[in-house]
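Spelled out from the first residue to the last, the chains are:
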Amino acid sequence: MGFFGKSSSSSNATADDLRASLRDSAAATTVAALRPTPAPEMDSFSPAYLQLKQKMHRTLLERVDLERLQKLNAEQFRRELSTLVERIVEEQRLAVNQAERRQLVQDMQNEMLGLGPIEPLLEDPTISDILVNTCSQVYVERRGKLELTPITFDDNEHLLKVIEKIVSRVGRRVDESSPMVDARLPDGSRVNAIIPPLAIDGPILSIRRFSAKPLSINDLVSKKSVPPPVAQLLESLAKAKVNIIISGGTGSGKTTLLNVISGFIPANERIVTIEDAAELQLQQPHVVRLETRPPNIEGKGEVSQRALVKNALRMRPDRIILGEVRGAEALDMLQAMNTGHDGSLATIHANTARDALSRLENMVGMATANLGIRATRQQIASAITVVIQIARMTDGTRKLISLHELTGMEGEIITMQEIFAFRRTGVAPDGKVLGHFAATGLHPQFDQRLKEFGVGLPDEIYDPTRIFDI
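Quick look at the structure, then. (Residues numbered from 1 in each chain as written. Predicted model: local features only at pLDDT ≥ 70, side-chain atom pairs only at ≥ 80, totals over all residues. Heavy atoms only, no water.)

Examining the packing of helix H13 (residues 353-367) against helix H14 (residues 373-383)
Then step 1. For the pair H13 and H14, interaxial distance at closest approach is 10 Å and the crossing angle is 120°. Overall, the two elements H13 and H14 adopt an arrangement that is oblique. When the axes of H13 and H14 are compared, the crossing they make is right-handed. In contact with Leu-357, Leu-360, Glu-361 and Val-364 of H13, H14 contributes Ile-373, Thr-376, Arg-377 and Ile-380.
Then step 2. Class assignment for the residues of the contact of H13 with H14 results in 5 nonpolar, 1 polar and 2 charged. (Axes fitted to C-alpha atoms, helices over the stretch in contact; angles between N-to-C directions. Helix = DSSP H or I, 4+ residues; strand = E, 2+ residues; numbered from the N terminus. Parallel < 35°, antiparallel > 145°, perpendicular 65-115°, else oblique. Left-handed = near helix turned anticlockwise from the far one by under 90°. Contact = heavy atoms within 4.5 Å. Nonpolar A, V, L, I, M, F, W, Y, C, P; charged D, E, K, R; others polar.)

Structure representation (structure tokens):
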């Protein structure tokens, strides 16, 4: 509903016209849509209040002139909507107190301008995920733990309208012929939706929230997700243009860490990002953002990540950042890393650093069947220097659990050494994961590169006797 943000030079006159239209409509409309509610007080999630809200929404749709609304900006529309809701409450002599009136006005504004019942959740900074399981169940994740909320939608059709509103804003669609879709909210939050017939019980909506202010390395250190020496090392690796793969499971914080590391890239470099749904929050001034495109209703017009990687090579990038490697684009990414695009970054789904290399090998095989195993592994060993493994612990916290360096090939095996590792020691009575972080004592080969770029670190950073409890 992009027209809510439009404005015109005669917006004040339009607002006056709309007020007059609403008054005329109110006078001419038979007061039958809503009947007085005898209850003196209602909970905002009670059946009585939900029924009242549904009727109010239907009445608003009958009275509001959508063509005139196209000429109002969002703030003007909020004021007019508030006036109309108050008028309907007075006309119907609804037994609602002042707090309930304010709640009703807010809910109607959320329905018309926002994403309905879940709009308050989007404004809550403590929520990292919003998971809608059909119209009757909404979960949220706070501090790594799932919680069931009392929020519901009117029905599955109501939920489907909210999903369509989200995906239409980014030029995508969802229907029976294309029942799965990835999209994003204006603040960059990632959205996935799947509807019947694939979702048996009704539409499913998943929203991965991103904070308005991107996390910094200091935030990760204070949360004990990353120890101080590794934070120093990550900064040096980014400035020394070392190719890095970030590996982890779903929801482990791969994109967050990618954002943090990319923040160390100098401002004078040209960065090209490639994603399925744009969610990276780079702060540099010279950033080109590319996003894949799904096929249209005729099955044509698809633009894959591989096509975008190939195109990015013609755009004179200093660095290429892939939101996630998941297919044949792995081959083109490796070739880019091997042909002068040092300092490139990517994420991959894997449980260990070794698994990440195996997945990369399989993805290269999806791109070409002519490249042998040894040649594929040579490409990987030559292109990638560091693999960072992160994980979500059982207590909901995210931690960097290992940092590996690829050192070359021995026969047909890629050799790697662990430089830093998190050792889990147990669980506290309150469920908190206990453990410590320390260097393994191995001196990395990339240390020489760090010194060449003027970002070398003291040898003490690799001292295994320095233990950090996190």
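What follows picks up the thread again.
So, unusual backbone geometry
Then step 1. Omega for the peptide link from Pro-196 to Pro-197 comes to 10°, which places this bond in the cis form.
Then step 2. Summarising the element assignment, Pro-197 is placed in the loop between strand S5 (190-194) and strand S6 (204-208).
Then step 3. Phi is positive for Arg-316, which is not a glycine, with a value near 55°.
Then step 4. The residue Arg-316 is located in the loop between helix H11 (305-312) and strand S10 (319-322) in this model.

A word on the sheet that holds S10
Then step 1. Here 10 strands make up an open sheet; going across it, the order is S9-S8-S10-S11-S7-S12-S13-S14-S15-S16 and the pairing mixed. The open sheet is flanked by strand S9 (287-291) and strand S16 (467-469), the only strands paired with a single partner. Direction aside, the axes of adjacent strands within the sheet are offset by 25° on average.
Then step 2. Note: strand S13 (residues 398-410) against strand S14 (residues 413-427), 8 bridges, orientation antiparallel. Residue pairing for S14: Ser-402 is matched across the bridge by Ala-421.
Then step 3. Here helix H10 (residues 254-262) sits on the sheet and contacts strand S7 (244-248), S10, strand S11 (345-349), strand S12 (386-392) and S13; the angle it forms with S11, its principal contact strand, is near 170°.
Then step 4. Those strands touched by helix H12 (residues 329-337) are S7, S10 and S11, and its axis lies near 155° from that of S10. (Pairing = 2+ DSSP bridges.)

Concerning the packing of aromatic side chains
Note on aromatic pairs: each is described by the distance of the centres and the angle between the planes.
Then step 1. Within the structure shown, the criterion is met by 2 aromatic pairs.
Then step 2. Where Phe-420 meets Phe-437, the ring centres are 6.4 Å apart and the plane angle is 35°; that geometry is what we call tilted. Of this pair, Phe-420 sits in strand S14 while Phe-437 sits in strand S15 (residues 433-439), placing them 17 residues apart in sequence. One exposure class covers both Phe-420 and Phe-437, and it is buried.
Then step 3. Both rings, one in Phe-420 and one in Tyr-462, keep their centres 6.2 Å apart while their planes meet at 45°; by these two values the pair is tilted. With a gap of 42 residues between them, Phe-420 in strand S14 and Tyr-462 in the loop between helix H15 (447-452) and S16 connect regions that are remote in the sequence. Taken individually, Phe-420 and Tyr-462 each receive the classification buried, so the pair is uniform in this respect.
Then step 4. Three or more aromatic residues link up through ring pairs in this structure, and these residues are Phe-420, Phe-437 and Tyr-462. (Phe/Tyr/Trp six-rings, centres within 6.5 Å; stacked < 30°, edge-to-face > 60°. Buried < 20%, exposed > 50% of the residue type's maximum accessible area, 1.4 Å probe, protein only.)

A word on the pairing of S15
Then step 1. In terms of burial, S15 is largely enclosed, as 5 of its 7 residues are buried.
Then step 2. Bridge count between S14 and S15: 7 bridges; the pairing is antiparallel. Across the sheet, residue Val-427 finds its bridge partner in S15, namely Val-433.
Then step 3. What sits between S14 and S15 in their antiparallel hairpin is a turn of 5 residues, with Gly-431 showing a positive phi close to 90°.

Some thoughts on the environment of Pro-464
Then step 1. Inspection of the secondary structure puts Pro-464 in the loop between H15 and S16.
Then step 2. Among the residues examined, Pro-464 registers a relative accessible area of 39% and is labelled partly exposed.
Then step 3. For the pair formed by Pro-464 and Ile-419, sequence separation is 45 residues and the distance between their alpha carbons is 9.6 Å.
Then step 4. In this structure, Pro-464 is in contact with Ala-438, Ala-439, Thr-440 and Gly-441, ignoring residues within four places of it in sequence.

A short note on the environment of His-286
Then step 1. Summarising the element assignment, His-286 is placed in the loop between strand S8 (271-275) and S9.
Then step 2. Taking the C-alpha atoms as reference points, His-286 and Ala-267, separated by 19 residues in sequence, lie 7.2 Å from one another.
Then step 3. Excluding its chain neighbours within four sequence positions, the residues that come into contact with His-286 are Glu-269, Arg-270 and Ile-271.
Then step 4. Polar contacts involving the side chain of His-286 include one to the side chain of Arg-270, which spans 2.9 Å. (Polar contact = N/O pair within 3.5 Å; in protein donor to acceptor, adjacent residues only side chain to side chain.)

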